[in-house]
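Coordinate analysis (summary)
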Amino acid sequence: MAVRLGDIAPDFTAETTEGQVKFHEWIGDKWAVLFSHPKDFTPVCTTELGTVARLKPEFDKRNVRVIGLSVDPLSDHREWTKDINETQNTTVNFPLIADPDRKIAQAYDMIHPNALDNLTVRSVFVVGPDKKVKLTLTYPASTGRNFDEILRTIDSLQLTSRFQVATPANWKDGDDVIVLNSVKDEEIPAKFPKGATKIKPYLRTTPQPDK
Ligand code: BEZ
């Protein structure tokens, strides 16, 4: 069964490169990114994991824990990590789940047999402190992910969880945002003291409220 937006992220206990992880407990009151890659010792995956390691301070700044997964054994994760560190000029600084029996991959529907036989595709799940799935992405093996985009979506998810706003196409932190249509015009001065621009009755923008 697919894991959908708003679902409670399936909980699990897993062996990782940083010891045993009980997923929900490990998230605690933070946000989390669980992402799968197809296979250790492969080129695109090597660049992806190096990129996540380099971006770790950006995830930390946003109160987000990051955890990777593939169906490879822990011994391979450990050996491959040395290659990632050497070739990507970084230190892998987040846990990697070993899921050789594919239990977690199946719970999250990360194996798409018509795309890639018996290996996880490039799935991403952003999970909130309430353990609910806030965002999912699925990329094929041939396309490395843009982790700056994942940080951008986290900025949007965190902002829109705090204010009655949505973020427009290509929005980035600091840009104007959209006032939700559930907010009445007369509520705007109290809720958005910087004011709003009414382009259409259903399209009202306001400066980002927490800036
Ligand atoms: C890669 O990371 O380069 C890769 C992994 C699995 C299949 C194809 C490519």
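Structural notes, computed from the coordinates. Keep in mind that what you see is a predicted model, and the values were worked out from it rather than measured.

Criteria and cut-off values
By convention here, each chain's residues receive numbers from 1 onward along its written sequence. Reporting of local features is limited, given that this is a predicted model, to residues whose pLDDT is at least 70; pairs of side-chain atoms are given and counted only at 80 or more, and all residues count toward the totals for whole chains, interfaces and linings. Each side-chain value is worked out from all heavy atoms of the structure, with water and hydrogens disregarded. Each residue is tested against the molecule or strand, and it is near if at least one of its non-hydrogen atoms lies within 4 Å. Two N or O atoms count as a polar contact when they lie within 3.5 Å, although within protein this holds only if one can serve as hydrogen donor and the other as acceptor, and sequence-adjacent residues are included solely when both atoms are side-chain atoms. Working definition: helices are DSSP H or I runs of at least four residues, strands are E runs of at least two. Numbering for both runs from the N terminus. When residues are sorted by character, Ala, Val, Leu, Ile, Met, Phe, Trp, Tyr, Cys and Pro go into the nonpolar class, Asp, Glu, Lys and Arg into the charged class, and all the rest, Gly among them, into the polar class. Angles shown run from 0 to 180 degrees and are taken between the N-to-C directions of axes, each axis being a line fitted to C-alpha atoms and, for helices, limited to the stretch in contact. Crossing handedness follows the turn of the near helix against the far one: under a right angle anticlockwise gives a left-handed crossing, and clockwise gives a right-handed one. Residues are treated as being in contact if the distance between any of their heavy atoms lies within 4.5 Å. Salt bridges are counted wherever a side-chain nitrogen of Lys or Arg sits within 4 Å of a carboxyl oxygen of Asp or Glu. Categorising residues by exposure relies on relative accessible area from a 1.4 Å probe, with only protein chains included: less than 20% of the type maximum marks a residue as buried, more than 50% marks it as exposed, and the intermediate range marks it as partly exposed.

Glancing now at the site of the ligand. The environment of the ligand is made up of Pro38, Thr42, Pro43, Val44, Cys45, Arg122 and Ala141. In the model, an oxygen atom of the ligand is placed 2.8 Å from a nitrogen or oxygen of the Val44 main chain. The element that contributes the greatest number of residues to the shell around the ligand is helix α2 (residues 43-61), accounting for three residues. Across the shell around the ligand, the residue classes break down as five nonpolar, one polar and one charged.

This part covers the packing of α2 against helix α5 (residues 147-162). Remark: α2 packs on α5, axes separated minimally by 10 Å, with the N-to-C direction vectors making an angle of 30°. As for how α2 packs across α5, the hand of that crossing is right-handed. Contacts between α2 and α5 pair Glu48, Thr51, Val52, Leu55, Glu58 and Phe59 from the former with Phe147, Asp148, Ile150, Leu151 and Ile154 from the latter. Split by residue class, the contact of α2 with α5 holds seven nonpolar, one polar and three charged.

Moving on: the pattern of salt bridges. For side chains bearing opposite charge, pairing can occur when the charged atoms are close. Counted under the stated rule, the structure contains 16 salt bridges. A salt bridge links Asp210 to Arg162; its shortest N-O distance comes to 3.1 Å. Remark: Arg162 occurs in helix α5 and Asp210 occurs in the segment after β11 (203-206); sequence separation between them is 48 residues. The class of Arg162 is exposed, set by a relative accessible area of 54%. Where Arg204 meets Asp185, a salt bridge forms, and the shortest distance between an N and an O atom there is 2.9 Å. With a gap of 19 residues between them, Arg204 in strand β11 and Asp185 in the loop between β9 (177-179) and α6 (188-191) connect regions that are remote in the sequence. The class for Asp185 is partly exposed, based on a relative accessible area of 35%.

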